[in-house]
Amino acid sequence: MHLSEVSTKQIKGIGDKTAAVLKKLSIESVEDLLWYAPRSYLKYPEITKINTLKEGDIVAVKGVVDPNFYEKKGGKMVVSTFSVHDDTGTLRMVFFRQSYLRSIFYPGKNFVFYGTVRTNNGKFELQMPEYYKPEDYGAKLKSLQPVYALTKGITSKAIQKYVQAVIDEIFPVSDTLDPDFIRSNDFLSLSDAYRYLHLPVDTDLLQKARRRLAFDEFLRFLTKIEESREENTSLSSDFIIRDYELCDRYAKSLPFELTNAQKNTFEEIKEDISSGFAMRRLIQGDVGSGKTMVAFLSMVAVCNAGYQSAMMAPTEVLATQHYEKLIKDNETYHLNLKPVLLTGSVTGAKKREILKGIEDGTYNAVIGTHAIFQEKVVFQNLALVITDEQHRFGVKQRDALSEKGRIPHVLVLSATPIPRTLSLTLYADLKVSVMDELPEKRIPIKSCIIGPNMRATAYKFLGEEIAKGHQAYIICPMVEENEDVSLENVTDYPKKLEAYFHGGLKYAVLHGRMKAADKERIMTAFARKEFDCLISTTVIEVGIDVPNSTLIIIENAERFGLATLHQLRGRVGRGDAQSFCVFIDGTGKGEQNERLKVLKNSTDGFFIAKEDLRLRGPGDLTGIRQSGDMNFKIGDIINDYDVLMLAKEYFENHG
Ligand code: ADP
Ligand code: MG
C-alpha cells in the first residue's frame, strides 16, 4: 500500500484525538507526516558559566548539586527546589509535580541543566530544565532538535515520536529512484532521508536528507507540470477576441505611455486570446513594472467582446485597491465595464445579490480574493481569469474554474524574481512574458541603514516628506507588545511618533488581526490621502500601490528576510518623485549589517534572494526558508537550484 493511503491512526500511539489534532496540520496519512518538515532545528548550546547568564537566555549550565533540596507539597502539587553551583556562582532549579527527584539530585553530584533563564524574587532560576549527565551532554551538543509548526494539543517531541513509530512499524519504504542514480549522486535512500529529516544526528546527514527529499519533490512537481503542459497546449477555446479598438483607445488616453515591455506583453496576450486556443500565460515582472495595467487592458478587451473576466488577488486589501482603480478608470475612460468586488467580508443579502449578478451577467468585471473563487461562484460566460501576485496558479483552482463551463483564458501575474531559465522550468505549462522594464520616469529609490539612536533624524526627514505633500509607511514586525521587548509593535508605536510630532502627524494603524472591513477602510483612506502616515505590519507587503508614498521606514529590519524587505521597499518609488527607504537595524549595527547592506546596494530581486542565502550559509538551520512561492514543502528553488536541475535531467531521461 502507498504511504498516502495509510492513515495516521494505524500508527501506534495515535488515537482519534491525536489524529484530529494532526488533521489540523493537514497531516492525515503517514506520507503527510513524513513530509511534515520541521520549520527549523534547535541546537543545544555550549555550557555557560553561571555568572554570565541573562534573563531569557536559553542555556546549558554545568553545576554541582548543593545540599539544600526543598520540597513543598500542596495537594497533588509538588514543587521541588534546590541550587547548583559552578566556579562562578549558584543557580536555583525548580521542578513541578515530580516527587522522585530527591534521589536523583543527590548533593555533590554533577549535572548539565538546560532551560530558559527566568527571574524570581530578583534571582535567576531554571524551571523544569532538561538535565543530563555531563558525559551524555557531549552527544546532545552534536544533535539537532526539530522545531515544527504546531497547533494546540501537540508538541515537536510528540511529532518526532510518531515519526519514530512509523520508522519502527513500517520502514523501510520502497524507493523508486534508479539505484545507479542514487549511488552516483551520493543520495540517501528514501527511508534514511525521512529518518534524518525528523531525527537528525548531525548537520551533514540533515542536509543530505533535505537534498534527497527536495529531489523527489521536484521530480513529482515536474511530472505534474508535464501533464498540465500537455493538457494546456491542446485546450481549444471558443472565446475568440478580435476587437481591440476600445482598449487601444484606453491605452492612448492614459496619462503615461505604456513601456515597451507592457506593449509587447499585451501584444502576446492579444495573439493568445484571438487564436482559438485557451491562453495559459504568466507575466513575470519585478515590483512596480506595471502588471496591473496589462491585466486591465485584457479585461477591457474581453468584456467589450461580451464576456466576463475575473481577477483574483491574495488579500482583501489588494482586491479592493484593484477594484477602486478599475472603477475610476471605467468612469474616466468610458470602458463600459460593470465591475463588482467580491471578498470574504461581503456576506448575506449583499453577497447573494452579487452572486446573482455574476450569474446573470449584470456584472462583467469581477474582482475578488482567491478564497472566494474556491467557493461556488457561477459565471454566465467567464472568458478570462487573472490571478495577481499568486506565485503559482493552483491546479485545483484551475480545474474548479474550468468546471464552471467553457474553458476560460488564464493569465497569471507574478513578481517572484527568478531568471528566465528557471521560470521556463517551473512554468513549463505556461507561456511566459517577461516585463523587465520599469516605467521611464522612475527614479531609483535611495536606501539607508541606521540604528535606533538615529530615529529622530528619520522622523525629521519624515516630517519634511509630509510637508512636501507626500505620504509614508512605517513598518513594525509585531502587532502588540510581546515577550521580546526589543521588537517594535504597531499598537504602541504611535506613542513614539506623538512624542516627536505632538499631534502634527496624521497617521493610522494597520495589521493582520484587524477586521477585513477595517483594513479596507484604512487602506482606501490612505490611498485617498486622508492621512499621511500608515503604521503597519507586513500585511501591506504584497502589491499595495499608493504612488504618492515616497518614504518607507522599516523598524527592526534585521528581523525580516531580504525578500520581504525587497517587497516592502517596492511600496515606494511608484510615482515620479524621488523615494526613500530607511532600514532601522534594531541591533544597532547599522551600516555594518551585511545583510541589510545587500539591499542598500541592489534592487535586483533575484540577486537579493541569492545573497540572502549565501550570507546565511548552508549550515544555518534556524531559518530554513519555506518557499511559499511554489508550495514546496522542502525544496527551495533558489537554495536547491542544482537539485532542481538534476531532477529535470532525471525526468527527461527516465520520465
Ligand atoms: P506591479 O507590477 O508591481 O503590480 P503596478 O501595476 O502596481 O505594478 O504599477 C505600479 C504603478 O505604476 C501604478 O501606480 C501604475 O499606475 C503605474 N504605471 C503602470 N504603468 C505605467 C507606465 N507605463 N508609466 C508610468 N506609470 C505606470
Ligand atoms: Mg501588482
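Parameters at a glance
Residues numbered from 1 in each chain as written. Chains lettered and ligands numbered in written order. Predicted model: local features only at pLDDT ≥ 70, side-chain atom pairs only at ≥ 80, totals over all residues. Heavy atoms only, no water. Pairing = 2+ DSSP bridges. Helix = DSSP H or I, 4+ residues; strand = E, 2+ residues; numbered from the N terminus. Axes fitted to C-alpha atoms, helices over the stretch in contact; angles between N-to-C directions. Contact = heavy atoms within 4.5 Å. Core = buried A, V, L, I, M, F, W, Y, C linked by side-chain atoms within 4.5 Å. Buried < 20%, exposed > 50% of the residue type's maximum accessible area, 1.4 Å probe, protein only. Salt bridge = Lys/Arg side-chain N within 4 Å of Asp/Glu carboxyl O. Right-handed = clockwise from strand over helix to strand, strands pointing away. Polar contact = N/O pair within 3.5 Å; in protein donor to acceptor, adjacent residues only side chain to side chain. Near = heavy atom within 4 Å. Nonpolar A, V, L, I, M, F, W, Y, C, P; charged D, E, K, R; others polar. Expected span 1.5 Å × (residues − 1). Arc of directions from axis to C-beta. Domains from an automatic or database assignment. Left-handed = near helix turned anticlockwise from the far one by under 90°.

A. Representation of the sheet that holds strand β20 (residues 507–510) in the model. The strand order β18-β23-β22-β19-β21-β20 describes an open sheet built from six strands, whose pairing is parallel. A strand with exactly one partner marks an edge of an open sheet, and here the two such strands are β18 (446–450) and β20. Averaged over neighbouring strand pairs, the angle between their axes works out to 15° when direction is ignored. The pairing of strand β22 (residues 549–554) with strand β23 (residues 580–584) spans four bridges and is parallel. Along β23, the bridge assignment pairs I552 with C581. Across the face of the sheet, helix α19 (residues 562–569) comes into contact with β18, β19 (471–475), β22 and β23 while running at roughly 155° to β22.

B. Fine view of the nonpolar core. In terms of nonpolar packing, the biggest core is built from 74 residues, with Y250, M299, Y473, L534, I554, L565 and F583 touching the most fellow members. For this core, the leading source of residues is helix α10 (residues 291–304), giving 10 residues. Ignoring sequence-local partners within four residues, the contact set of F583 consists of S447, C448, I449, I450, I554, A557, L565, R569, L596 and L599. Listed in part, the 71 residues of the second largest apolar core include F187, L206, F215 and A647.

C. Structural detail: the environment of Q567. Looking at the secondary structure, you find Q567 in helix α19. The class for Q567 is buried, based on a relative accessible area of 13%.

D. Summary view of the environment of A251. Relative to the assigned elements, A251 resides in helix α8 (residues 245–253). A relative accessible area of 17% places A251 in the buried class.

E. Up close: unusual backbone geometry. In the segment running from F171 into P172, the intervening peptide bond is cis, with an omega of 0°. Relative to the assigned elements, P172 resides in the loop between α4 (156–170) and α5 (179–184). Its identity as a non-glycine residue notwithstanding, R97 has a phi of 55°, on the positive side. Relative to the elements of secondary structure, R97 occurs in the loop between β6 (90–96) and β7 (110–120). A residue is classified by how much of its surface remains accessible, and R97, at 63% relative accessible area, is exposed. Of note in this structure, N121 is not a glycine but carries a positive phi near 50°. Within the element layout of this structure, N121 appears in the loop between β7 and β8 (123–127). Look at N121 and you get exposed, because its relative accessible area is 76%.

F. A look at the pattern of salt bridges. Evaluation of the coordinates by the stated rule reveals 32 salt bridges. The closest approach of N and O atoms between R92 and E125, which form a salt bridge, is 3.1 Å. Placement of R92 in strand β6 and of E125 in strand β8 is noted, with a sequence separation of 33 residues between them. Under the relative-accessibility criterion, R92 is labelled partly exposed at 29%. Between D492 and K495 there is a salt bridge; the shortest N-O distance is 3.4 Å. For D492, a relative accessible area of 27% puts it in the partly exposed group. Look at the salt bridges and you will find they share partners, linking E268, D272, R281 and K431 into a network.

G. Layout of the pairing of β22. Most of β22 sits inside the fold, with six of its six residues counted as buried. For β19 and β22, the ladder comprises five bridges, and the chain directions are parallel. Bridge pairing links Q471 to S549 in β22. Read as a crossover between parallel neighbours, the route from β22 over α19 to β23 is right-handed.

H. Representation of the side chain of S579 in the model. Position of S579 relative to the elements: it lies in the loop between α19 and β23. A polar atom in the side chain of S579 sits 3.0 Å from the backbone nitrogen of G573. Residue contacts for S579: discarding those within four places in its chain leaves I445, K446, S549, T550, V572 and G573.

I. Region of the structure containing the site of ligand 1. Among the 16 residues in the neighbourhood of ligand 1, the closest are listed as G288, K291, T292, R442 and D545. A distance of 2.8 Å is found between an oxygen atom of ligand 1 and a side-chain nitrogen or oxygen belonging to K291. At 2.6 Å from an oxygen atom of ligand 1 is found a side-chain nitrogen or oxygen belonging to T292. Classifying every residue of the shell around ligand 1 by side-chain character gives five nonpolar, six polar and five charged.

J. Inspection of helix α16 (residues 455–467) at higher detail. Taking 1.5 Å as the rise per residue, α16 with 13 residues should run 18 Å; its terminal C-alpha atoms sit 18 Å apart, in good agreement. Along α16, the positions that sit buried rather than exposed are R455, A458, Y459, L462, E465 and I466. For α16, the angular spread of the buried residues around the axis is 115°, confining them to a single face. Those residues of α16 that are buried are in contact with β18, β19, α17 (493–501), β22 and β23.

K. Representation of the domain arrangement of the protein. Splitting the protein by domain gives domain 1 (3–42 + 143–201), domain 2 (45–140) and domain 3 (446–602). Averaged C-alpha coordinates put domain 2 and domain 3 at centres separated by 43 Å.

L. Region of interest: the packing of α19 against helix α20 (residues 594–601). Across the interface, α19 lies against α20 with an axial gap of 11 Å and an inter-helix angle of 35°. For the pair α19 and α20, the crossing hand works out as right-handed. Here L562, L565, H566 and R569 of α19 come into contact with α20, specifically with R595, L596, V598, L599 and K600. In terms of residue class, the contact of α19 with α20 is made up of five nonpolar, one polar and three charged.

M. Representation of helix α9 (residues 260–273). Under the 1.5 Å per step criterion, the end-to-end length of α9 is 20 Å for 14 residues, consistent within 8% with the ideal 20 Å. Among all positions of α9, only A261, Q262, T265, F266, I269, K270, D272 and I273 are buried. The secondary structure elements touched by the buried residues of α9 are α8, β11 (280–285), α10, β16 (409–414) and β17 (431–435).

N. Representation of the pairing of β16 in the model. When you tally the buried positions in β16, you get six out of six residues, the bulk of the element. Burial along β16 is two-sided: H409, L411 and L413 and V410, V412 and S414, pointing in opposite directions, are all buried. Pairing of β11 with β16, which is carried by five bridges, proceeds in the parallel orientation. Opposite R281, over in β16, you have L411 as the bridge partner. Bridge analysis of strand β15 (residues 382–388) against β16 gives five bridges, and the strand direction is parallel. In the strand pairing of β16, T387 is matched with V412.

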